[in-house]
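Listed below are the residues making up each chain.
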Amino acid sequence: MMKLKELESCLQQVDAFEEPKILLEQYPTSPHIAACMLYTIQSTFDDIEGKLVADLGCGCGVLSIGAAMLDAGLCVGFDIDEDALDIFRRNAEEFEISNVDLVQCDLCSLEPDAYAKKFDTVIMNPPFGTKHNQGMDMKFLKAALTMAKTAVYSLHKTSTREHIQKKANDWGVKMEVIAELRYDLPASYKFHKKKSVSSYTLSHHSLRQYMFSSRYFKLY
Ligand SMILES: C[S@@+](CC[C@H](N)C(=O)[O-])C[C@H]1O[C@@H](n2cnc3c(N)ncnc32)[C@H](O)[C@@H]1O
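Residues numbered from 1 in each chain as written. Predicted model: local features only at pLDDT ≥ 70, side-chain atom pairs only at ≥ 80, totals over all residues. Heavy atoms only, no water.

## Some details on the overall build of the protein chain
To keep it simple, the criterion reads: In this text, helices come from DSSP runs of H or I with a minimum length of four residues, and strands from runs of E with a minimum of two, each type numbered from the N-terminal end. Any residue under 20% of the maximum accessible area for its type is buried, any over 50% is exposed, and the rest in between are partly exposed; the area is computed with a 1.4 Å probe on protein chains only. Computed by Shrake-Rupley with a 1.4 Å probe, the accessible areas treat only the displayed protein chains as cover when residues are assessed.
Each helix and strand in the protein chain was counted, giving six helices and seven strands. Taken from the N to the C terminus, the helices and strands of the protein chain come in the order α-α-β-α-β-α-β-β-α-β-α-β-β. Of all 220 residues assigned to the protein chain, the portion counted as buried reaches 51%. Of the roughly 10,400 Å² of accessible surface on the protein chain, a fraction of 50% belongs to carbon and sulfur atoms.

Spelled out as structure tokens, the structure:
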């Protein structure tokens, strides 16, 4: 398996959004967070190598490309935004990666059963679901749990942890926090009044073989 440091340095070369669309909450996952997350998912849970993986809200593809580098059988990225998907395609070409595929769609209006249990693992850094996008994080989570056969690994704001825990109980899935990392929002999101720092929690939740992990962000 590729080393963690090597994975992180490769992911540093993945191009991010050229003109991030605030309404779509287009902030990229940092190479450091992406590498730690993917490395943990493979080395601790064995949920990438040889697996069929979906990346919801894949953006420019840092998580998908990382999963592909860790020898996913195939990683399928889903995103609503054609501009982001163009950058994703370019990134995949530059890395000469062939075990990724793309689907352009609105994950909020996906037929509920269209991809039911079609993937082994779902990974994602969904929109936070704040401001105009209230509830978006939970819609992504619901879609992810429908699509995954085995596990969902997702990143969320710390402030939503209790809410997610409650929903997980309602849905009959077990949630476990795997890790917390501090996170700085990129400069493009400086409209936040306070400096935005976060802790991030990668967790796995399992019941009926589901697991999902969460990164949580906190505004101080
Ligand atoms: C926080 S960004 C994460 C991007 C990328 N996965 C990464 O980790 O760098 C969230 C992504 O969700 C996409 N998105 C937002 N709303 C969506 C929707 N309704 N359906 C599909 N994708 C959506 C955005 O275009 C954006 O690329």
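## Quick word on the site of the ligand
What counts is decided by this rule: We define proximity as follows: a residue is near a molecule or strand when any one of its heavy atoms falls within 4 Å of that partner. Side-chain atoms alone can form a polar contact between residues adjacent in sequence; in general such a contact is a pair of N or O atoms within 3.5 Å, and within protein one must be able to donate a hydrogen while the other accepts it.
Every one of the 23 residues lining the ligand counts as a neighbour, but Thr29, Gly57, Asp79, Asp106 and Leu107 are closest to it. Within the contact set of the ligand, a nitrogen atom lies 3.2 Å away from a backbone nitrogen or oxygen of Ile80. Contact between the ligand and Leu107: a nitrogen atom at 2.9 Å from a main-chain N or O atom of the residue. In isolation the ligand offers 600 Å² of accessible surface; the protein chains occlude 98% of this area. Mapped onto the shell around the ligand, the elements with two or more residues apiece are α3 (62-69) and α5 (136-147).

## Considerations on the packing of helix α1 (residues 4-11) against helix α2 (residues 31-45)
The test is simple: Orientation is described by lines fitted to C-alpha atoms, with helices fitted over the stretch in contact, and by angles between N-to-C directions that extend from 0 to 180 degrees. When an angle is under 35 degrees it counts as roughly parallel; over 145 it counts as roughly antiparallel; between 65 and 115 it counts as roughly perpendicular; any other value is oblique. Crossings are assigned a handedness: left-handed for a near helix turned anticlockwise from the far helix by less than a right angle, right-handed for a clockwise turn. Here a residue-residue contact requires only that any non-hydrogen atoms of the pair lie within 4.5 Å. Three classes are used, and their members are as follows: Ala, Val, Leu, Ile, Met, Phe, Trp, Tyr, Cys and Pro are nonpolar, Asp, Glu, Lys and Arg are charged, and the others, Gly among them, are polar.
Where α1 meets α2, the axes come as close as 8 Å, and the angle between the chain directions of the two elements is 140°. In terms of orientation, α1 lies oblique with respect to α2. Where α1 crosses over α2, the handedness of that crossing is right-handed. Together, Leu4, Leu7, Glu8 and Leu11 of α1 and Pro31, His32, Ala34, Ala35, Cys36, Leu38 and Tyr39 of α2 make up the contact between the two elements. Along the lines of polarity and charge, the residues of the contact of α1 with α2 split into nine nonpolar, one polar and one charged.

Remember, this is a structural readout, not a statement about activity or role.
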